[in-house]
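# An overview of the molecular structure
Residues per chain, in single letters:
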Amino acid sequence: MRTRLITTGAAVCAAATMLAPTPAEAASAVQIYRVYYDSPGKDTRSNAKLNGEWVQLINKSRTARQLRGYKLRDKTGYTYTFGSFVLRAGKTVVVHTGKGRNTATHRYWGRSWYVWNNTGDTAYLRYPNGKAADSCSWGSKGDWKRC
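Read on for an overview of the structure. All of these numbers come straight from a predicted model, not from anything done at the bench. Position labels on residues start from 1 in each chain and follow its written sequence. At least 70 in pLDDT is required for a residue's local features to be given in this predicted model, at least 80 for side-chain atom pairs to be given and counted, and no such filter applies to totals for whole chains, interfaces and linings, which use all residues. With hydrogens and water set aside, each side-chain value is computed from the structure's full complement of heavy atoms.

### Notes on the pairing of strand 7 (residues 92-96)
Across the five residues of strand 7, four count as buried, placing the element largely inside the fold. Where strand 2 (residues 54-59) lies against strand 7, five bridges are found, and the strand directions are antiparallel. Looking at strand 7, one finds that Val55 is bridged to Val95. A pair of strands is considered paired only if DSSP assigns at least 2 bridges between the two. Helix and strand definitions here come from DSSP, where helices need a minimum of 4 consecutive H or I residues and strands a minimum of 2 consecutive E residues; each element is numbered from the N-terminal end. When strand 7 meets strand 8 (residues 106-108), the two strands line up parallel, connected through three bridges. Bridge assignment links His96 to a residue of strand 8, and that residue is Tyr108. Residue exposure (1.4 Å probe, protein chains only): buried if accessible area is under 20% of the type maximum, exposed if over 50%, otherwise partly exposed.

Quick look at the structure:
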């Protein structure tokens, strides 16, 4: 009987270990903060209108992050890949759809057509290794979304 109790106790302990929840993955230091998917006014495809469509990323960590190789994409697969770019701790960067001069707070995709669908879409942020860092989805209501 004693052996049986030890075996049963070991089995219960093993089962409890297998059923215990695993800790959730830590949130990415760099996250999608806001998406302005419907630029103001009529969609004329002008560079100004294209740049009225953007995604804002935030670095929520206490250290600067190198974003080289990070990818920002939509459901269709349109992809912006960061070159060498450091996002300082607690700071944001806006990735505009159109053309412009890159700065420490604004990056430009250089596209001549819209990326983000006004009727609903998802913005995905991926690490250089392809793993998901963050995502943000929206429907057809409004012009922008805080993620």
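Back to the text.
### Considering the environment of Val86
Locating Val86 in the fold gives a position in strand 6 (residues 86-87). When near neighbours in sequence (up to four residues on either side) are disregarded, Val86 contacts Ala64, Arg65 and Gln66. Whether two residues are in contact is decided by their heavy atoms: any pair within 4.5 Å suffices.

### Brief notes about the sheet that holds strand 7
Across a sheet, paired strands are connected by hydrogen bonds in the backbone, their directions being either parallel or antiparallel. The five strands are arranged 8-7-2-1-11 in an open sheet whose pairing can be described as mixed. Two strands bound the open sheet, and with one partner strand each, they are strand 8 and strand 11 (144-146). Taking the axes of each pair of neighbouring strands and ignoring which way they run, one obtains an average angle of 25° across the sheet. Alignment of strand 1 (residues 30-36) against strand 11, held across three bridges, turns out to be antiparallel. Directly across from Val35, in strand 11, lies its bridge partner Lys145. Lines are fitted to the C-alpha atoms to define the axes, a helix being fitted only along its stretch in contact, and any angle between axes, read from their N-to-C directions, falls within 0 to 180 degrees.

### Observations concerning the side chain of Asn59
The residue Asn59 is located in strand 2 in this model. Residue Asn59 is classed as buried on the basis of its relative accessible area, which comes to 1%. One polar contact links Asn59 to Ser61, side chain to side chain, over a distance of 2.7 Å. Two N or O atoms form a polar contact when they lie within 3.5 Å of each other; inside protein one atom must be a possible hydrogen donor and the other a possible acceptor, and for residues adjacent in sequence the pair counts only when both atoms belong to side chains. Polar side-chain contacts of Asn59 include one of 3.3 Å to the backbone oxygen of Arg88. If we ignore the near neighbours within four places in the chain, the residues touching Asn59 are Ala29, Val30, Ala64, Arg65, Leu87, Arg88, Ala89, Gly90 and Lys91.

### Concerning the state of the cysteines
The rule for a disulfide is simple: a pair of cysteine sulfur atoms within 2.5 Å. Per the counting criterion, the structure on display carries one disulfide. A sulfur-sulfur distance of 2.0 Å marks the disulfide that ties Cys136 to Cys147. As the torsion about the S-S bond is roughly -80°, the Cys136-Cys147 disulfide counts as left-handed. Highlighted residues: Cys136 in strand 10 (residues 132-138) and Cys147 in the segment after strand 11, separated in sequence by 11 residues. Of the residues examined, Cys147 reaches a relative accessible area of 38% and is grouped as partly exposed.

### A look at the nonpolar core
Among buried residues, the Ala, Val, Leu, Ile, Met, Phe, Trp, Tyr and Cys ones that are joined through side-chain atoms within 4.5 Å form a nonpolar core. By size, the foremost hydrophobic cluster in this structure holds 23 residues, and its most contacted members are Ile32, Val35, Leu57, Phe82 and Trp116. Listed by contribution, the elements that provide at least two residues to this core are strand 1, strand 2, strand 7, strand 9 (121-126) and strand 10. Excluding its chain neighbours within four sequence positions, the residues that come into contact with Val35 are Trp54, Val55, Ala123, Cys136, Trp138, Asp143, Trp144, Lys145 and Cys147.

Spatial relationships are all this shows, so hold off on functional conclusions.
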